2 protein chains.
Amino acid sequence: MTGIRTQIKDIYKSPGKFGGEIITVAGWARSLRAGASVGFVELNDGSFFKNLQVVFESQKIPGDYSLISSQNIGAGFVITGELILTPQSKQPFELNAAEIKIEGTSTPDYPLQKKRHSPEFLREIAHLRPRTNLYSAIFRIRSLASFAVHKFFNEKNFIYVHTPIITTSDCEGAGNMFRVITDGETKKERENFFGKEAFLTVSGQTNAECFAMAFANVYTFGPTFRAEKSNTQKHAAEFWMIEPEIAFADLDDDINLMEECLVFITDYILTNCKEELEFLNQFIDNSLLERLNKTANQKFSRITYTKAVGILEEAVNSGVKFEYPVKWGMDIQTEHEKYLTDKIFNGPVFVTDYPEEIKAFYMRQNDGDDDKINKTVASVDLLVPGIGELIGGSQREERHDRLIDAIKNKGLKEEDYRWYLELRKYGGTKHAGFGIGFERLVMYLTGVSNIRDVCAFPRTSGNAGF
Amino acid sequence: MTGIRTQIKDIYKSPGKFGGEIITVAGWARSLRAGASVGFVELNDGSFFKNLQVVFESQKIPGDYSLISSQNIGAGFVITGELILTPQSKQPFELNAAEIKIEGTSTPDYPLQKKRHSPEFLREIAHLRPRTNLYSAIFRIRSLASFAVHKFFNEKNFIYVHTPIITTSDCEGAGNMFRVITDGETKKERENFFGKEAFLTVSGQTNAECFAMAFANVYTFGPTFRAEKSNTQKHAAEFWMIEPEIAFADLDDDINLMEECLVFITDYILTNCKEELEFLNQFIDNSLLERLNKTANQKFSRITYTKAVGILEEAVNSGVKFEYPVKWGMDIQTEHEKYLTDKIFNGPVFVTDYPEEIKAFYMRQNDGDDDKINKTVASVDLLVPGIGELIGGSQREERHDRLIDAIKNKGLKEEDYRWYLELRKYGGTKHAGFGIGFERLVMYLTGVSNIRDVCAFPRTSGNAGF
């Protein structure tokens, strides 16, 4: 049975408390070098980004000195000794070992030798890469960002609902869903476990709406799936989404909640992951800290789609070159997003009221668009520097007849939306919601540019190892 | 845009703060009755288990009185008025309406009329059932229990890792996995999106172990799947699991963490869901509160499997009848679990050190079992009254050679566990972990006996509606 252990995190938090004390730590050697009589271990215990320097001397552990000296990087140790404060030197303290127990040896072919490795190489050893500085920083930030999400909504009295992963309906008519089958003998058996065709969800939104009509303020946070064969830096086949849904709320309420939520999470990471952010700012993205500090402290800009297109048209007129032609009705492309966030607004910007044509059926038709041209919906995308679209949301169409029209206009079948339509029949109030792609959020928070580097074990086209 | 709203939760928390004030609330009518000049609405806004009584008078809203009176149950309203404290009467306060806006009408065929409905009927309308007292209580407790899980591990500096849902390996060799395919033309295309056969995960454990060897203390909390056609009250095809994994830890550490975790969550629910638990105790399970209070305050019992079998054998000798014969080597059946928790220990009990034969390959062989008969592994199940097995865990086999033997002995292929074995090669320390079926936990916390009633939209054999 384990005795009392000290976490390295706690030592960094209050070195004075441990200075001169005999403590026991347990962790892994990130590096190990030893001379004839003195050796050094950089020990990491996973509790903190930084290592603890351990000094061991042949004089103090004569029986074990050569055994410890001969251990390989990656080995696990339990070490007891006195914590010596060394305020004058580069390391603020070190552990002077009185006893070192080997808890798990490592072999000389350990792939994480002390040198820089490429992300491509490290993706090949996804089971080991969390032991590196880079992935240690990323996955701690991912963990704390998850907690910040739950904390934010919990403090606002939102109900967290686990919407289903296996679904028999396709909310957005988005296609490209994974199909779920069993290993029955016949095709019918294989496909009929649930009594109908089953898929992996692309969004928890419609289910969350049911709960919003009961609890008013709800959110889901769970995995979603897209079976798209695109091989980009931004797309994975499996990713997590945060999807709040709020009743008695319109698009403005939705935008306010988005901003508050993003600021809260950013602020939480700035406060709780200082060492990780400093590392990432130094080695991955030199503008990271500046960008996050801005996000936490700056009021986000807001603009309508129509005005955004106007700005882009002006840009074209003044000689800016875009690959995709700019005109009302188009989807705003990555190059346009970048121009808006980096050149015009110099920070996050909400773009609202997109053309109905290019948005999903459930988004609320804006009033005053009854002339049937240039119809828009109460939708919003949050564009952020470096990422582009980070959050997408809308006020939902709560009017039963308009929703039926929208379903038909998009070529969907009314009967597939029976229960969704019933929400409008039985006390369906105005309501709104949004979706944050959690991996994109982690990319935003870390400066990492490839989604494969923010997923513990990424699933992309051609890749589902580990 | 929405004005300032008061949540009913806040009124119940501090009525004195709102008494005599003009406030605005937004919610849905759980009941509505009106006479010639006075009407009453029981308004629920989802922020709290209890309703707010609203009084409306023809004198105060003469233009709207008949329109409001004629609304159906389920309608959504935004109501402004004075909160009147009524400490003498059954309701501690009521809202005297000065203005009522209809935010969403309801139709007379609204299925949730004010009468008792069977759970079977309510499962048919899973999109509406969160609006009832029972499901409102269940899903709020589910939400708060989720938060308690994250809070518990966050406070202990655990890293939350999102282990993958789509997997190409079957950790437990458990079989009965769902298969994930795409809609390609040929079978090869259909099955080859990821370059190999893909399934839905049955457990995040092996992936969590990778992270435990980097961060020491980690957990996953996400959906898992079993394609079993069993149609019981306790099994769903999709359910959430909490799976912590701790390095430098043995079975005792594991058991201590389990107990601490369950006590924390139970205590959190007892503190934060008083009204919901009172309701459930009254209408669903009269022993609920007593049981939860015991869990939160009583030290859990511990016993080895071998001793448990001894107790059961004694019981048989003294005339107790079991359906399944009792002998060393058997799986402990529900009837045995019940006997142990209800008759012997009168509370939760950890049963440890099961026969190797009936447990998974990754569980650590106990030392001192080298005689090759009656071999046991460092495993543990927590049995609780009313549920049976609530948590299962083990110390993991960290010895590379022993793990290879165990894989072979279970008829599994060594090459399928390449990266899992590498964890033992590169600094693999002793470690342990456990899994809590989250739905079972919610059943334990609510007294509800059917898993279909604790899932927002349950997925079981033959059923994946909504």
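How each quantity is defined
Residues numbered from 1 in each chain as written. Chains lettered and ligands numbered in written order. Predicted model: local features only at pLDDT ≥ 70, side-chain atom pairs only at ≥ 80, totals over all residues. Heavy atoms only, no water. Helix = DSSP H or I, 4+ residues; strand = E, 2+ residues; numbered from the N terminus. Areas by Shrake-Rupley, 256 points an atom, 1.4 Å probe, with all protein chains shown as cover. Lys, Arg positive; Asp, Glu negative; His and termini not counted. Charge placed at Lys NZ, Arg CZ, Asp CG, Glu CD. Pairing = 2+ DSSP bridges. Contact = heavy atoms within 4.5 Å. Axes fitted to C-alpha atoms, helices over the stretch in contact; angles between N-to-C directions. Salt bridge = Lys/Arg side-chain N within 4 Å of Asp/Glu carboxyl O. Buried < 20%, exposed > 50% of the residue type's maximum accessible area, 1.4 Å probe, protein only. Least-squares fit on C-alpha atoms with pLDDT ≥ 70 in both. Buried area = accessible area lost by both parts, 1.4 Å probe. Polar contact = N/O pair within 3.5 Å; in protein donor to acceptor, adjacent residues only side chain to side chain. Expected span 1.5 Å × (residues − 1). Disulfide = S-S within 2.5 Å. Parallel < 35°, antiparallel > 145°, perpendicular 65-115°, else oblique. Left-handed = near helix turned anticlockwise from the far one by under 90°. Nonpolar A, V, L, I, M, F, W, Y, C, P; charged D, E, K, R; others polar. Phe/Tyr/Trp six-rings, centres within 6.5 Å; stacked < 30°, edge-to-face > 60°. Lys NZ or Arg CZ within 6 Å of the ring centre and 35° of its normal.

A. Representation of the overall build of chain A in the model. A tally of regular secondary structure across chain A gives 15 helices and 16 strands. Along the first, second and third principal axes, the C-alpha atoms of chain A reach 90 × 65 × 40 Å. Surface accessibility of chain A: about 18,300 Å² in total, with carbon and sulfur atoms responsible for 47%. Averaging the coordinates of the 55 positive side-chain charges in chain A and doing the same for the 64 negative ones gives two points 3 Å apart.

B. Summary view of the sheet that holds strand β14 (residues 379-384) of chain A. All names here are of chain A. Spatial strand order, β6-β10-β11-β16-β15-β14-β13-β12: eight strands in an open sheet with mixed pairing. Strands with a single pairing partner mark the edges of an open sheet, and in this sheet they are β6 (159-160) and β12 (301-304). Sheet analysis places strand β15 (residues 388-395) next to strand β16 (residues 431-437), joined by five bridges and oriented antiparallel. Opposite Ser394, over in β16, you have Gly433 as the bridge partner. Strands in contact with helix α5 (residues 133-155) are β6, β10 (217-225) and β11 (238-247); relative to β10, the strand with the most contacts, it is inclined by about 150°.

C. Up close: the sheet that holds strand β3 (residues 52-57) of chain A. Residues and elements named next belong to chain A. Sheet architecture is closed into a barrel: five strands sit in the order β1-β2-β3-β5-β4, paired in mixed fashion. Across the sheet, the axes of successive neighbouring strands diverge by a mean angle of 55°, strand direction being ignored. Where strand β4 (residues 76-85) and strand β5 (residues 93-104) come together, ten bridges link them in antiparallel fashion. Note that in β5 the partner of Gly76 across the bridge is Gly104.

D. Structural context of the pattern of salt bridges. In total, this model carries 48 salt bridges over all chains according to the counting rule given. In this structure, Lys375 of chain A and Glu356 of chain A form a salt bridge, with 3.8 Å as the shortest nitrogen-oxygen distance. Within this pair, whereas Lys375 of chain A is found in the loop between β13 (349-352) and β14, its partner Glu356 of chain A is found in the loop between β13 and β14, the two being separated by 19 residues in sequence. By the burial criterion, Lys375 of chain A is buried, and Glu356 of chain A matches it. A salt bridge links Glu398 of chain B to Arg364 of chain B; the shortest N-O distance between them is 2.9 Å. Within this pair, whereas Glu398 of chain B is found in the loop between β15 (388-395) and α13 (400-409), its partner Arg364 of chain B is found in the loop between β13 (349-352) and β14 (379-384), the two being separated by 34 residues in sequence. Overall, the relative accessible area of 14% leaves Glu398 of chain B in the buried class. Residues participating in the shared-partner salt-bridge network are Arg364, Asp367, Glu397, Glu398 and Arg399 of chain A.

E. Seen up close, the relation of the copies chain A and chain B. Expressed as a screw transformation, the operator carrying chain A onto chain B has a rotation angle of 180° and an axial translation of 0.0 Å, and the superposed copies differ by an RMSD of 0.0 Å. Given the turn and translation reported, the copies of this chain are related as if by a two-fold rotation axis. No C-alpha of chain A lies nearer the rotation axis than that of Val180 of chain A, which sits 2.5 Å from it. Both copies share a contact surface, since 99% of the interface residues of chain A are interface residues in chain B too.

F. Looking closely at the interface of chain A and chain B. Tallying the contact residues gives 115 residues for chain A and 114 residues for chain B. For the pair chain A and chain B, the summed buried area comes to about 9,300 Å², and 59% of that belongs to carbon and sulfur atoms. Counting the surface chain A buries against chain B, the share from its top three residues, Phe193, Phe248 and Tyr426 of chain A, is 9%. Summed over the shared surface of chain A and chain B, the number is four salt bridges. As a salt-bridge pair, Asp183 of chain A and Arg179 of chain B come within 2.7 Å of each other at their nearest N and O atoms. For the interface between chain A and chain B, the tally reads 37 residue pairs in polar contact (both at pLDDT 80 or more). Residue contributions to the side of chain A that touches chain B peak at twelve residues, all from α5 of chain A.

G. Representation of the pairing of strand β11 (residues 238-247) of chain B in the model. Residue and element names in this part refer to chain B. Burial of β11 is extensive: ten of the ten residues sit out of reach of the surface. Going residue by residue along β11, you find Glu238, Trp240, Ile242, Pro244 and Ile246 tucked away on one face and Phe239, Met241, Glu243, Glu245 and Ala247 tucked away on the opposite face as well. When strand β10 (residues 217-225) meets β11, the two strands line up antiparallel, connected through nine bridges. Note on β11: the bridge partner recorded for Thr220 is Glu243. As paired strands, β11 and strand β16 (residues 431-437) are joined by five bridges and run antiparallel to one another. When the sheet's bridge partners are listed, Met241 is paired in β16 with Gly437.

H. Up close: the environment of Gly462 of chain B. Looking at the secondary structure, you find Gly462 of chain B in the segment after α15 (438-446). The partly exposed category is assigned to Gly462 of chain B, whose relative accessible area is 47%. Separated by 225 residues in sequence, Gly462 of chain B and Ala237 of chain B place their C-alpha atoms 9.9 Å apart. Other than its neighbours up to four places away in sequence, Gly462 of chain B contacts Phe193, Phe194 and Gly195 of chain A.

I. How the structure looks around helix α8 (residues 251-272) of chain A. When the terminal C-alpha atoms of α8 of chain A are compared, their 31 Å separation across 22 residues agrees well with the 32 Å that a helix rising 1.5 Å per residue should span. By the N-cap criterion, in which a side-chain oxygen at the helix start approaches the backbone nitrogen of a residue two or three places on, α8 of chain A is capped by Asp250 of chain A, the distance to Asp252 of chain A being 3.1 Å.

J. Region of interest: the pairing of β14 of chain A. Residues and elements named next belong to chain A. The buried count for β14 comes to six of six residues, which makes it a mostly enclosed element. Both β13 and β14 contribute to a ladder of four bridges, which runs antiparallel. Paired with Val349 across the two strands is Leu383, which belongs to β14. Relative to β15, β14 runs antiparallel, the two being bridged by six bridges. Looking across to β15, one finds that Val384 is bridged to Gly388. Connecting β14 to the antiparallel partner β15 that follows it, the hairpin turn spans three residues, and Gly386 within it adopts a positive phi of roughly 85°.

K. Seen up close, the state of the cysteines. Residue and element names in this part refer to chain B. Counted according to the given criterion, the structure contains zero disulfides over all chains. Cys261 takes part in no disulfide bond, and the closest cysteine sulfur to it belongs to Cys273, at a distance of 16 Å. What makes Cys273 buried here is its relative accessible area of 0%.

L. View of unusual backbone geometry. Residue and element names in this part refer to chain B. Residue Asn157 is not a glycine yet carries a positive backbone phi of 65°. Mapped onto the secondary structure, Asn157 falls in the loop between α5 (133-155) and β6 (159-160). Using a relative accessible area of 14% as the deciding quantity, one classes Asn157 as buried. One non-glycine residue, Phe466, adopts positive backbone phi at about 70°. By the secondary structure assignment, Phe466 is in the segment after α15.

M. Here's a closer look at the packing of α5 of chain A against α8 of chain A. All names here are of chain A. Where α5 contacts α8, the two axes come as close as 9 Å, and the packing angle between them is 135°. Relative to α8, the element α5 is oriented oblique. Taken as a pair, α5 and α8 cross one another with a handedness that is right-handed. Contacts between α5 and α8 pair Ile141, Leu144, Ala145, Phe147, Ala148, Val149, Lys151, Phe152, Phe153 and Glu155 from the former with Leu257, Glu260, Cys261, Phe264, Ile265, Tyr268, Ile269 and Asn272 from the latter. Here the contact of α5 with α8 is composed, by residue class, of 14 nonpolar, one polar and three charged.

N. A look at the packing of aromatic side chains. The final tally for this structure, using the stated rule, is 68 aromatic pairs over all chains. Ring centres 5.8 Å apart and planes at 85° place the aromatic pair Phe221 of chain B and Trp240 of chain B in the edge-to-face group. One end of the pair, Phe221 of chain B, is in strand β10; the other, Trp240 of chain B, is in strand β11, with 19 residues separating them in the sequence. Relative accessible area serves as the criterion here: at 3%, Trp240 of chain B is assigned to the buried category. The cationic tip of Arg424 of chain A hangs over the ring face of Tyr420 of chain A; the distance from NZ or CZ to the ring centre is 4.2 Å.

O. Structural detail: the environment of Cys261 of chain A. Residue and element names in this part refer to chain A. Take Cys261: it is sitting in helix α8. Each C-alpha atom of the pair Cys261 and Ile284 lies 25 Å from the other, and the pair is 23 residues apart in sequence. Sequence-distant contacts of Cys261, that is, excluding residues within four places in its chain, are made with Phe152, Phe153 and Ile436.

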